[in-house]
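Structural description and commentary
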Amino acid sequence: MSGLSTVFIVLGLFLLGGVISFVKQGLPRSVIVLLGIGAAMSLAAGILRLEVWN
């Protein structure tokens, strides 16, 4: 696991925690959707950069 893939995965999990928190607080759906898209993209980037795919 390279350093950059670790950073992307940790960032994605952090943003996913923000999505869960924002849902509990009842913030607007548009903010939650944007944060969710960012979390999904970050997790996908981290998973795709893993060295097990080579």
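Starting afresh in each chain, residues are numbered from 1 along the sequence in its written order. Where local features are concerned, this predicted model is filtered to residues with pLDDT of at least 70; where side-chain atom pairs are given and counted, the filter is 80 or more; whole-chain, interface and lining totals use all residues. In computing side-chain values, all of the structure's heavy atoms are included and hydrogens and water are not.

Right, let's get into the environment of Val31. Helix and strand definitions follow DSSP, with helices as H or I runs of at least four residues and strands as E runs of at least two, each counted in order from the N terminus. Assignment of secondary structure puts Val31 in helix 2 (residues 29-48). Only protein chains enter the accessibility calculation, which uses a 1.4 Å probe; a residue is then buried when its area is under 20% of its type maximum, exposed when over 50%, and partly exposed in between. Its relative accessible area of 35% is what places Val31 among the partly exposed residues. Taking the C-alpha atoms as reference, Val31 lies 31 Å from Ser2; in sequence the two are 29 residues apart.

Think of a patch as exposed residues, more than 30% relative accessible area, with no salt bridge, where like charges cluster within 9 Å and nonpolar side chains (Val, Leu, Ile, Met, Phe, Trp, Tyr) cluster within 5 Å. For the accessible areas, the method is Shrake-Rupley and the probe is 1.4 Å, while residue cover comes only from the protein chains on display. Salt bridges are defined as contacts in which a side-chain nitrogen from Lys or Arg sits within 4 Å of a carboxyl oxygen from Asp or Glu. A contiguous nonpolar patch, built from Leu13, Leu16 and Ile20 and spanning about 270 Å² of accessible area, is present on the exposed surface. Structurally, the position occupied by Ile20 is in helix 1 (residues 3-25).

In plain words, nonpolar cores are sets of buried Ala, Val, Leu, Ile, Met, Phe, Trp, Tyr and Cys residues tied together by side-chain atoms within 4.5 Å. By size, the foremost hydrophobic cluster in this structure holds five residues: Leu15, Val19, Ile32, Leu35 and Ala39. Among the secondary structure elements, those contributing two or more residues to this core are helix 1 and helix 2. The greatest single-element share of this core, amounting to three residues, is contributed by helix 2. Setting aside chain neighbours within four positions, we find Ala39 in contact with Gly12, Leu15 and Leu16. Here, two residues are considered to be in contact whenever any of their heavy atoms come within 4.5 Å of each other.

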